[in-house]
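What the coordinates show
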Amino acid sequence: MQALVNARVLADEGFVEGRAVLVDAGRIVATPRADDPRVARAERHDLKGAYLMPGFIDCQVNGGGGVLFNDQPTLEGIRAIGAAHRRFGTTGFLPTLISDDLAVIVRAMAAVRAAIEAQVPGVLGIHIEGPFINERKKGTHDASKFRGLDAEGIALLSSLGVGRTLVTLAPETTTPAMIRRLADAGVVISAGHTDATYEQTSESFRHGVMGVTHLFNAMSPMNHRHPGVVGAALLDPDCWCGLIVDGRHVHPAALLVALNCKRPDRFMLVTDAMPSVGAAQGAFVLQGKRITVKDGVCVDESGVISGSALDMASAVRNCVRLLGLPLEQAARMASTYPAEFIGMGGELGRIAPGYRATFVAADEDVNVLGTWIEGRAASQDG
């Protein structure tokens, strides 16, 4: 048995001191006082006052470590992406495929299936972002790949068989009945790259759409006469909202307005990360377009934002520095709430008995000092 000691542990009641975390067979056994006799008998790991939080979970990871998932939809590609992000505290992620041909989706799903079966650290499923989206809000997506959601698409999207499948679609490009079929097949659905009206979005929530992909970005904005997707997402008490907190995708004031609209446990951090995260190069090619990193944001040659250069530790740090949120709330936005969004809230996202022993240790500036996935530590070399 292992005992993680001398840490400020993020428990359900907040950060606490004087408590150990006992781990055995990849699970948390107990979180007793540090002077509990079981702690003395365990293999002790002194965290020297670090903050110990549930491992970060990122539901939108396009790439990392020089790898773009669309270009390398393979087990080894996924492994490289996961290793790059783990250096920044991400211990669970959904490799994310942006709009592409169905044949590429098939290969990507096969790769994720193989990665989960091979127990590649951190792989929780897949996020398929498009091609069932709206050209008017395409962002950097290739419109030639777009298509309507049909029976063939539903069969493919629901075929993973392991882990979780998250699909981003535009509700106005399909019907409520098709959305319900996809949700009933066990797929987590998010609205994104959408020009839907307030009414269309609200209707989609009633038929199985659970959240919105990168709130504010690539969706109909809130207007006083046309509330749009943003208005529907902020008014619905149960809608989950993914946030890119890099100071560039969304103005901090807009994020604070959103956070004051509804309960905090319906907001989760995502990175929308591209291959530059955890890699030396500052440029890459995305579906034939050269993308460069400028001032911390990825843009194409026309200046269109094309994903981010954000890592999850920086996202948490930005919540504290840019938004003034307490670290406790920011950490839950990066762990507890995304776990609940994808239906894994009973396994991940809390430091409590019975949960997977998956953690991140960091200093007060959210510099990552170490990570554990099901009790196994990793060096910061990934």
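Below or above, wherever it landed, is the structure these notes cover. If you're wondering where the values come from, they're calculated on a predicted model, not measured in any experiment.

**A word on the pattern of salt bridges**
- All chains considered together, the criterion is met by 20 salt bridges.
- We note a salt bridge from E347 to R27, for which the minimum N-O separation is 2.9 Å. Here the residue E347 occupies a position in the loop between helix 11 (336-341) and strand 20 (359-362), and R27 occupies one in strand 3 (residues 27-30), the gap between them amounting to 320 residues.
- Take R27: its relative accessible area is 32%, and that puts it in the partly exposed class.
- Across the salt bridge formed by R332 and E328, the nearest N and O atoms sit 3.4 Å from each other. You can see R332 and its partner E328 sitting in helix 10 (residues 327-333), 4 residues apart, about one turn around the helix.

**Brief notes about the pairing of strand 2 (residues 14-24)**
- With 7 bridges connecting them, strand 1 (residues 2-11) and strand 2 associate as antiparallel partners. Its bridge partner being in strand 2, Q2 is matched across the sheet by V23.
- Across 3 bridges, strand 2 lies against strand 3 in antiparallel orientation. From the neighbouring strand, V23 faces strand 3, where its bridge partner is I28.

**Points about the sheet that holds strand 19 (residues 305-308)**
- Taken in spatial order, the 4 strands line up as 16-17-18-19 in an open sheet, and their pairing is antiparallel. What marks the edges here is a single partner per strand, and that holds for strand 16 (283-286) and strand 19. Between one strand axis and the next, the sheet turns through 35° on average, direction left out of account.
- As paired strands, strand 16 and strand 17 (residues 289-294) are joined by 4 bridges and run antiparallel to one another. Looking at the pairing, F284 lines up with I291 of strand 17.

**Some details on the sheet that holds strand 11 (residues 164-169)**
- Overall, parallel pairing links the 8 strands, which are arranged 6-9-10-11-12-13-14-15 in an open sheet. Edge positions in the open sheet fall to strand 6 (56-61) and strand 15 (267-269), since each of these has one partner strand only. Adjacent strand axes in the sheet meet at a mean angle of 25°, parallel and antiparallel pairs treated alike.
- Summarising the sheet, strand 9 (residues 90-98) and strand 10 (residues 125-129) pair through 3 bridges and their orientation is parallel. Bridge assignment links L97 to a residue of strand 10, and that residue is I128.

**Looking at helix 2 (residues 75-86)**
- Compared with the 16 Å implied by 1.5 Å per residue over 12 residues, the 16 Å span of helix 2 between its first and last C-alpha is a close match.
- Those residues of helix 2 not exposed but buried are G77, I78, I81, G82, A84, H85 and R86.

**Quick word on the packing of helix 6 (residues 198-206) against helix 7 (residues 228-235)**
- Packing of helix 6 against helix 7 brings their axes to within 7 Å, and their N-to-C directions diverge by 40°. The orientation of helix 6 relative to helix 7 falls into the category oblique. Crossing of helix 6 over helix 7 shows right-handed handedness. Residues Y198, T201, S202 and F205 of helix 6 touch helix 7, and the partners they reach there are G228, V229, G231, A232, A233 and L235.
- Taken together, the residues that form the contact of helix 6 with helix 7 break down as 6 nonpolar, 4 polar and no charged.

**Details of the packing of aromatic side chains**
- This structure, assessed with the given rule, holds 3 aromatic pairs.
- For the pair W240 and F341, a centre-to-centre distance of 5.8 Å together with 55° between the ring planes defines the contact as tilted. Taken together, the residues W240 in strand 14 (residues 240-243) and F341 in helix 11 connect sequence positions 101 residues apart.
- Consider the rings of F359 and W372, whose centres lie 6.3 Å apart with planes at 65°: the pair is edge-to-face. Separated by 13 residues along the polypeptide, F359 in strand 20 and W372 in strand 21 (residues 368-373) bring together distant segments of the chain.
- Owing to a relative accessible area of 9%, W372 belongs among the buried residues under this scheme.
- The residue whose ring lies beneath R8 is Y51, and the NZ or CZ to ring-centre distance is 4.1 Å.

**Some details on the state of the cysteines**
- Within the structure shown, the criterion is met by 0 disulfides.
- Here C261 is not disulfide-linked; the sulfur of C241 is the nearest cysteine sulfur, at 9.2 Å.
- Classification of C261 by relative accessible area gives partly exposed; the value is 41%.
- C319 supplies the cysteine sulfur nearest to C298, a cysteine that is in no disulfide, at a spacing of 19 Å.

Criteria and thresholds
Here the residue index of a chain counts from 1 through its sequence in written order. Under the rules for a predicted model, residues below a pLDDT of 70 receive no local features and side-chain atom pairs below 80 are neither given nor counted, while totals for whole chains, interfaces and linings still include all residues. For the side-chain quantities, the full set of heavy atoms in the structure was used; hydrogens and water were omitted. Definition used for salt bridges: Asp or Glu carboxyl oxygen within 4 Å of a side-chain nitrogen of Lys or Arg. Helical segments are the DSSP runs of H or I of at least four residues, strand segments are the runs of E of at least two, and each set is numbered from the N terminus. Buried, partly exposed and exposed residues are distinguished by accessible area as a fraction of the type maximum, computed with a 1.4 Å probe on protein chains only: under 20%, between the cut-offs, and over 50%, respectively. In this scheme, strands are said to pair when DSSP sees at least two bridges between them. As a rule, the C-alpha atoms of each element are fitted with a line to give its axis, helices using only the stretch in contact, and angles between N-to-C directions run from 0 to 180 degrees. Multiplying 1.5 Å by the residue count of a helix minus one yields the expected span of that helix. Throughout, the term roughly parallel applies to angles under 35 degrees, roughly antiparallel to angles over 145, roughly perpendicular to angles from 65 to 115, and oblique to all others. What makes a crossing left-handed is the near helix being turned counterclockwise from the far one by less than a right angle; a clockwise turn instead makes it right-handed. Contacts are residue-level and defined by heavy atoms, with any inter-residue pair within 4.5 Å sufficient. Amino acids are sorted into nonpolar (Ala, Val, Leu, Ile, Met, Phe, Trp, Tyr, Cys and Pro), charged (Asp, Glu, Lys and Arg) and polar (every other residue, Gly among them). When two rings of Phe, Tyr or Trp (its six-membered ring) have centres within 6.5 Å they constitute a pair, described as stacked for plane angles under 30 degrees, edge-to-face for angles over 60, and tilted for the intermediate range. Cation placement over rings: the criterion is NZ of Lys or CZ of Arg within 6 Å of the ring centroid and within 35° of the ring normal. Cysteine sulfur atoms are paired as a disulfide whenever they fall within 2.5 Å.

By themselves these figures say nothing about function.
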